Amino acid sequence: MNQTKYFIIDFDSTFTQVEALDVLAEISLKDNENQANAIEEIKSITDQGMDGCMSFRESLKKRLDIVNANQKDLPELVDRLSKLVSPSFQRNTAFIDKYRDQIYIVSNGFKDFIVPIVSKFGIKEENVFANEFIYNEAGAIIGFNEENMLSANNGKPNQIASLNLKGEVFVLGDGYTDYEIKKAGLAHKFYAFTENVRREKILNEADHEAPSLDEFLFSQKLERAHSYPKNRIKALMLENIHEGAIQRLKNEGYQVEIYPAGMTEDELVKAIKDVSVLGIRSKTQVTKKVLDNAKRLLSVGAFCIGTNQIDLNAALKKGVAVFNAPFSNTRSVVELALAEIIMLMRNLPDKMSEMHKGKWNKSANGSFEVRGKTLGIIGYGKIGSQLSILAESIGINVQYYDLEEKLALGNATACPSLEHLLKSSDIVSVHVDGREENKLIIGSNEFELMKHGVVFVNLSRGHVVDVDALARYIENGKIHGASVDVFPEEPLSNDHPFQSPLMGLKNTILTPHVGGSTLEAQENIADFVPSKIIEYINTGSTTNSVNFPNITLPTLSQAHRFIHIHKNEPGILAEINNILAKHGINIGGQYLKTNDIIGYVITDIDKNYQEEVIKDLKLVQGTLRFRVLY
Ligand code: NAD
């Protein structure tokens, strides 16, 4: 017969991410100039108590003396702590709902603030065992109820013993006093909870580590928000990826390993074996060999725009979805292009360098407003079309040329040919993509067609423009000014020298491929790429994937989701559905998208399934990958 399970859960640094008395001190001592020292001292006393180096009662007395708080500080404390409930508790409310009679909060903290917080999650007030403050008439906290078992040494074991629980008892906590319950023989298993703090001493004593509540629920096969604990998902982030991205993945509960540089193929082959999420920038090559050695890889995040460094087809054939950040720096490039157009029209680069050499050259010669001029945009994609809008808003007439039919934004007009654009623009700005065929599409012939006195801007790709020809046309005066951010040959790093025939030319702005390099763009990338990966892992949605067929899926509720990735061969969908029918499974929703290489089928089913069905689905000829999501 199944025994009743009881769950003893600690509050500080377990249910919430922090130690409540530290936060209380921040509030009560906010006007005290020694606040920082006091908080440090409290933390140190807390740690000594947690590690078992100081008796609990002594540590509590010392801390309360320093905190010097008042009852009126408590509402703010409750408010702050409510926002700091550990994420894995926040998402596992279904577990709390189901087991509310068997969940006990047993804490050396204080009921005065614990009850208002945990009761919002449905935990019963009578199941909260914790200390109680004593206040004086003015509301000052002057001590604690020394009659309360939890104020004394060995309080938690004594409290649990008094409950006389008949069944299996599990303790989840981060401190020594939690372990004491197990040590006293009052619990079957002690899980060291490490989502917020990790105390080696406690881990050594624990039966299991629970990096989150999910891991505990998974190991005990209990109701949980995630079918698979996130802490078992390992993310490897190379090349100094922005801290925001690391934090985003950590907040999701993944185990994140960071490596500051790129990796060679051999290094990555070794490192990738148990990795589920790989993050790279432009230096690391994700080759077929790397992918063949990746046994658990679900997704690769390119924390940049380009994805040439990844063998996208090999990834597809392994069922690995690749995501990048295609428009995270669009705005940054556009702002720079616009600024440079204005600078060049005013002849500012020359004036600025003269000023630095002590030459005062006040003159309007060669300086023009941009208002009323015609800007010709070559490549009306993300950047080109955004530039169109901003340029028009300051009075520039915009025309564009694109290989594809594009919607003209605002009052912009499409040119029938590149030649037409070149002949009729005062400013030419290139924003085509980096495809091979775009090599040298702007050279002598094109410069020859341009108007005399044209301003020329290239922030797209270095190989698109013949820079020798550009240099000649700047020197012969046909081009009034030029701005170039991307070059056919760019130095490998900041330590390598830069060489170009454009160096030293008049009214020429040269920048080191920084069009998209802003902190905002970095932050956008750090936010965008992890959000796509997390969405893919959680729901199967492949929106914005570079290699997978794009499907946006509804969030799942009250159903299981089967994700089946297979070679795009005829008959596979029918076979999947035959298997589901054979097992009597009713399909709630089904989504299919294919490309030349794979078929991606998502099936939502509305009842519990037998493990057999999974085996059968995995055996379907041509299966590349199969996952089950809640
Ligand atoms: P995009 O793919 O959204 O747009 C490119 C557009 O160019 C598409 O509409 C395409 O149809 C069109 N096109 C391609 N070849 C063409 C041709 N020969 N003639 C006319 N139109 C053509 O790309 P995007 O995000 O707008 O980026 C544009 C360029 O900017 C890319 O080359 C990208 O690498 C570069 N970029 C540079 C920086 C930087 O730091 N300087 C930053 C981001 C992007």
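Thresholds applied
Residues numbered from 1 in each chain as written. Predicted model: local features only at pLDDT ≥ 70, side-chain atom pairs only at ≥ 80, totals over all residues. Heavy atoms only, no water. Phe/Tyr/Trp six-rings, centres within 6.5 Å; stacked < 30°, edge-to-face > 60°. Buried < 20%, exposed > 50% of the residue type's maximum accessible area, 1.4 Å probe, protein only. Lys NZ or Arg CZ within 6 Å of the ring centre and 35° of its normal. Near = heavy atom within 4 Å. Polar contact = N/O pair within 3.5 Å; in protein donor to acceptor, adjacent residues only side chain to side chain. Areas by Shrake-Rupley, 256 points an atom, 1.4 Å probe, with all protein chains shown as cover. Domains from an automatic or database assignment. Axes fitted to C-alpha atoms, helices over the stretch in contact; angles between N-to-C directions. Helix = DSSP H or I, 4+ residues; strand = E, 2+ residues; numbered from the N terminus. Parallel < 35°, antiparallel > 145°, perpendicular 65-115°, else oblique. Contact = heavy atoms within 4.5 Å. Nonpolar A, V, L, I, M, F, W, Y, C, P; charged D, E, K, R; others polar. Pairing = 2+ DSSP bridges.

Asker: So, the packing of aromatic side chains: which residues are in play, and what are the values?
Answerer: Enumeration over the complete set of coordinates arrives at 30 aromatic pairs. Here F95 and Y99 contribute two aromatic rings whose centre-to-centre distance is 5.5 Å and whose plane-to-plane angle is 40°, an arrangement assigned as tilted. Each member of the pair, F95 together with Y99, is buried. The rings of F11, F15, F89, F110, F113, F121, F133, Y135 and F193 are connected pair by pair, giving a single aromatic cluster. Over the aromatic face of Y536 sits the side chain of R627, whose NZ or CZ is 4.9 Å from the ring centroid.

Asker: Run through the site of the ligand, naming residues and quoting values.
Answerer: In the vicinity of the ligand there are 27 residues, among which I383, D402, V432, N438 and D485 approach most closely. Contact between the ligand and I383: an oxygen atom at 2.7 Å from a main-chain N or O atom of the residue. Between L459 and the ligand, the recorded distance is 3.1 Å, taken from a backbone N or O atom to a nitrogen atom. Against a free-state accessible area of 860 Å², the protein chains account for coverage of 89% of the ligand.

Asker: Report on the domain arrangement of the protein, specifying residues and quantitative values.
Answerer: Each domain of the protein was delimited in the assignment, giving domain 1 (5–219), domain 2 (233–323), domain 3 (330–517) and domain 4 (553–629). Just the C-alpha atoms count here: the centres of domain 1 and domain 3 sit 62 Å apart.

Asker: Explain the packing of helix α2 (residues 20–28) against helix α4 (residues 56–67) to me, and be specific about the residues and the numbers.
Answerer: Put simply, α2 and α4 touch, their axes get as near as 9 Å, and they point 20° apart. Comparing the axis directions of α2 and α4 gives the class roughly parallel. Between α2 and α4, the contacting residues are L21, L24, A25 and S28 on the first element and L60, R63, L64 and V67 on the second. For the contact of α2 with α4, a count of residues per class yields 6 nonpolar, 1 polar and 1 charged.

Asker: Which residues make up the pairing of strand β3 (residues 128–131), and what values go with them?
Answerer: Alignment of strand β2 (residues 103–110) against β3, held across 3 bridges, turns out to be parallel. Looking at β3, one finds that I105 is bridged to V128.

Asker: Any chance you could break down unusual backbone geometry for me, citing the residues and the numbers?
Answerer: Leaving glycine aside, a negative phi is the common case for residues, and trans is the common case for peptide bonds. Located in the positive-phi region is S13, a residue other than glycine, with phi close to 65°. Secondary-structure assignment places S13 in helix α1 (residues 11–15). At H513, a residue that is not glycine, the phi angle is positive and equals roughly 50°. Topologically, H513 is positioned in the loop between β20 (508–510) and α23 (519–539). For H513, a relative accessible area of 38% translates into the label partly exposed.

Asker: For the sheet that holds strand β23 (residues 598–605), give the residues involved together with the corresponding values.
Answerer: Pairing is antiparallel across the open sheet formed by 4 strands, whose spatial order is β22-β23-β21-β24. The sheet is open, and its two edges are formed by β22 (587–594) and β24 (623–629), each paired on a single side. Strand-to-strand twist across the sheet, computed as the mean angle between neighbouring axes with direction ignored, equals 10°. Pairing of strand β21 (residues 560–567) with β23, which is carried by 8 bridges, proceeds in the antiparallel orientation. When the bridges of β23 are listed, I563 appears paired with I602. Helix α24 (residues 572–582) rests against β21, β22 and β23 of the sheet, and its axis sits at about 145° to β21. Together, β21 and β24 form the strand contacts of helix α25 (residues 611–618), whose direction differs from that of β24 by roughly 155°.

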